[in-house]
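Each chain is listed here by its residues.
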Amino acid sequence: MQTVLSIAIDALAYGMVLFVISIGLSVTMGLMRVVNLAHGAFAMIGGYIASYAARDLGLAYGFAILLAIFGTIAIAVPIERLLYRRIYGAPELTQVLMTIGITFCIIGIANYVFGPTLKTVPLPSELQGSVDLGFRAIATHRIFAILCGLAVAAGLWYAIEKTAFGVKLRASVDNAAMAAALGVRTEIVYAVSFAVAVGLAAFGGVVGAELLPVEPYYALRYMVTFLVVVSVGGAGSIPGALIACLLLGAIDTTGRYLMPEFGEFFFYLAVIAIICIYPRGLAGRAKG
Amino acid sequence: MKRMILAAVAALAMSGAAYADTIKIGVVGPFSGPFALQGKNFKAGIDAYMALNGSKVGDDDIEIIYRDVPQADPAQSKALAQELVVKEGVQYLAGFYFTPDAMAVTPLLTQANVPLVVMNAATSAIVTKSPLVVRTSFTTWQTSTPIAKVAKDAGVTKVISVVSDYGPGVDAENAFKAGFEAAGGQVVEAIRMPLATNDFSPIMQRIKDSGAEGVFAFLPSGPTTLGFVKAFKENGLKDGGIKFFAPGDLTQESDLPALGEAALGIQTTFHYAVSHDSPENKAFVEAAGKAIGNPAELSFPSVGAYDGMHVIYKMIEATGGEQDAAKAVDAVKGLSWTSPRGPVAIDPESRHITQNIYLREVAKADDGTYYNKEIQTFEKQGDPGLAALK
C-alpha cells in the first residue's frame, strides 16, 4: 500500500511538471493552429535566463522566474512579428520546417553563448530539501511544481472560458475573417496568445529545470514528450492536457517502477491505444 | 628539353618524399551536437600536447584533420575514416568517442596501412578487432572493477546495481557484479533503465524496496546523471544511509558545477581527475584549459587525447615518418611514460593502456567549487574486461 501511494505521488509530481511545460504548446497548436516545434527552445531560453539571473547575478528565485518569463517573451515577440505571422494558416509542413529551423538556430546560439555544459537554476532555501509525508520523503520543489501546475491550469481555464479576451481568442481561431469583420483586432489577439504561450513555456522550463536540466539540446531532447502530451490530451484543451499529463505520468512512473527494462514501451503503448480510440485526443474538438 | 623537365620534376617529387613531409592525423569525434563538449575535450587535449611538445616530429610537420560524427553513427564514422585515408592521405586515425564508431573503422586498418589510436571509446572488445588498434583511454570494466572492492571494504555486502540500458551500462553491471561477488558480496538486484529516463523517483523507490545497503550506478555523463544524483538525495536515500558507488563518468568535472551539493561525498573510481596532484598534470591542465577556453569544461576525454598524441608522436619517431602501420604499433607496445593521470603503459599483448585507477570523493574546495578528490590509488590496473571476453 505504501509503495502504491508512493508511486502515485511520484506520478502526480512528474505529470504536473509535464503539464506546466506542455500547456503552452497546447495553446499554440490548438488555439492558434501552429505546429510550434520551437516550443522546447523557448522553454530552454527561459531556463537559461533564470539560471543566469539566479546563479550569475544572484537574484532571488521569484525574480529570476519573472525575468525568465518576460525575457523570453521579449525575445519571442519580434520572432512572432517577423516569422510566425507568415505561417498562421499555412500548411503544417511549412510550419514544421520553419519552426524546426528556428529550433536549430536557437540551439546553435545557446551552445555558442552559454557553452555545452549543464545549467541549473539554484533553488531558494525554502524549496530545497525534502518534506516528510510520513511514509516517504518528497522534494519540496516537486510540491512547488504541483502547485504551479494547478495554478496555471486554473488561470488558463478562467482566461479562455470566462473572460472577454477568451471569447475574442476563440472567435479569431474559429473564423478569423468573421471575427475581424466584427471588430476584433485578430493580429493583436494572436500576438498576445503567442506571448502567453511562450511565457508558459519559459515558466515550465524554469520550474521543470530540476527534472529536465537546461543544456543546448534541451530544445529537441524533450520535444517528443511535449508533442505526445498535446496530441493525447487534444490540442487546445486545458482539462484534456491535464488529464493526459496525469495519465501518462502514472503509466510512465508505474512502468519504470515495475519493469524498467521495458523502457518506454508502456508509455508509447498507452499513447497508441489512446490515439486509436480518440484520434483527436482525449478532449480534442472536431475541426470546425 | 622535355625529358629534362620531366627528370627535374621527378627529382623534385622524390626529394619531397625524402624529408620535411607533412604527416596528417585524422581525428574523428563528436564536435557538434549533444556530445560537442566531449569533442571539444579531444581538441583541447591534442592542442595542449602540441603546444607543450611542438608541432614537429623530427623534420616532419604534424597536421591534424578533424571530422565530425555528432552521435554514435557507425556508417558515417566509417565513411569519414575512408575519406580521411583515401582523399586526405592521413597516416594515423585517432579520436572516436563512441564504441560503435571505432568498431566500424577497424576492418579498414590493415588494407589502409593505418594505425588507430582510440582516445575514448570504452568497450573492451575494440582492441581485439584489429592488431593495429591502440587505446589510451580506459574501459568501463577497468574503472568499474575497483569500486566493487571499495564497496566491500566499506562494509557493504548487499548492493543493488542500477545502470542505463546500453552497451557500457551492461559492461559496468557485469564488471561490478564480477568484482563484488569475487570479494564476497552479493548483488541483490540488477536494474536496467531506459536511456531516456527523466524522472528517477520510481527507480529510487525500487532501490529502497530492495533492502540493499548500497547502490552501484552507471549512467552516461550529462543531463541524466544530474537527475539521478538529485533524485538520490531528494528521495531520502542519501540521508537514509544507502551508500552510492559508481565509476567516475557520473561525476565528470564539467558536470560538477551543476551537480553541486547533491554530489557531495559520492565516491567514484576513475582513471583521471582534473585535480590530480602532479607537475605533469599541472602543466597539462594549464595548457588544455587555455586550449578549451573555459577551464571548467575540461573533462576526462582530454587526457585520453593528450596521451593518444603522445603515442602517435612515438610511432612517428619510430617509423621516421614512413607509413608503416605494423612497425608503428610494434614500437609502442610496452611503451611507458608519465601521463597527467599518473604512470601509464601500453600493454604489449592487448595494446590497451595499463594505468592507476583512483578512488575519489566529491569534495568542496575553499573557493566554493566542487572537485573530485583522490583518496586511494589502485596501481597498474589492466583491463579485466578482456579476460571476461574469452
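Please refer to the structure placed before this passage.
Residues numbered from 1 in each chain as written. Chains lettered and ligands numbered in written order. Predicted model: local features only at pLDDT ≥ 70, side-chain atom pairs only at ≥ 80, totals over all residues. Heavy atoms only, no water.

We now examine the packing of helix α11 (residues 238–258) of chain A against helix α8 (residues 201–210) of chain B. As a packed pair, α11(A) and α8(B) sit with axes 8 Å apart at the nearest point and diverge in direction by 35°. Crossing geometry of α11(A) relative to α8(B) is assigned as right-handed. In contact with T253(A), R256(A), Y257(A) and L258(A) of α11(A), α8(B) contributes P202(B), I203(B), Q205(B), R206(B) and D209(B). Residues belonging to the contact of α11(A) with α8(B) are distributed by class as follows: 4 nonpolar, 2 polar and 3 charged. (Axes fitted to C-alpha atoms, helices over the stretch in contact; angles between N-to-C directions. Helix = DSSP H or I, 4+ residues; strand = E, 2+ residues; numbered from the N terminus. Left-handed = near helix turned anticlockwise from the far one by under 90°. Contact = heavy atoms within 4.5 Å. Nonpolar A, V, L, I, M, F, W, Y, C, P; charged D, E, K, R; others polar.)

Another aspect to go through is the environment of A154(A). Residues and elements named next belong to chain A. Structurally, A154 is set in helix α5 (residues 140–162). In this structure A154 comes out as partly exposed when scored by relative accessible area, which is 47%. When the C-alpha positions of A154 and V167 are compared, they lie 17 Å apart, and in sequence the two are 13 residues distant. (Buried < 20%, exposed > 50% of the residue type's maximum accessible area, 1.4 Å probe, protein only.)

Moving on, we come to the pairing of strand β15 (residues 370–381) of chain B. Residue and element names in this part refer to chain B. Sheet topology note: the strand β14 (residues 353–364)/β15 ladder contains 9 bridges and is antiparallel. Following the sheet pairing, Q355 is matched in β15 by Q381. Turn length for the β14-β15 hairpin, with the two strands adjacent in sequence and antiparallel, is 5 residues, and the turn residue G368 shows positive phi of about 90°. (Pairing = 2+ DSSP bridges.)

Moving on to the side chain of H276(B). Residues and elements named next belong to chain B. In this structure, H276 sits in the loop between β11 (267–270) and α11 (279–292). Taking relative accessible area as the criterion, H276 reaches 12% and is therefore assigned buried. Side chain to side chain, H276 and E374 meet in a polar contact 2.8 Å long. H276 has contacts with N281, P340, R341, G342, Y358 and E374, leaving out every residue within four places of it along the chain. (Polar contact = N/O pair within 3.5 Å; in protein donor to acceptor, adjacent residues only side chain to side chain.)

Bringing the interface of chain B and chain A into the picture now. Contacts between chain B and chain A engage 32 residues on the former and 35 residues on the latter. Ranking the residues of chain B by area buried against chain A places N198(B), P223(B) and E234(B) at the top, with a combined share of 22%. Inspection of the region where chain B meets chain A yields 2 salt bridges. Of the charged contacts, one joins D199(B) and R142(A) as a salt bridge, the two residues approaching to 3.0 Å between their closest N and O atoms. Connecting chain B to chain A are 12 residue pairs in polar contact (both at pLDDT 80 or more). Elements with a contribution of two residues or more to the side of chain B that touches chain A: α2 (36–53), β8 (186–193), α8, α9 (223–234) and α10 (256–259) of chain B. If one sorts the elements of the side of chain B that touches chain A by residue count, α8(B) sits on top with 7 residues. (Buried area = accessible area lost by both parts, 1.4 Å probe. Salt bridge = Lys/Arg side-chain N within 4 Å of Asp/Glu carboxyl O.)

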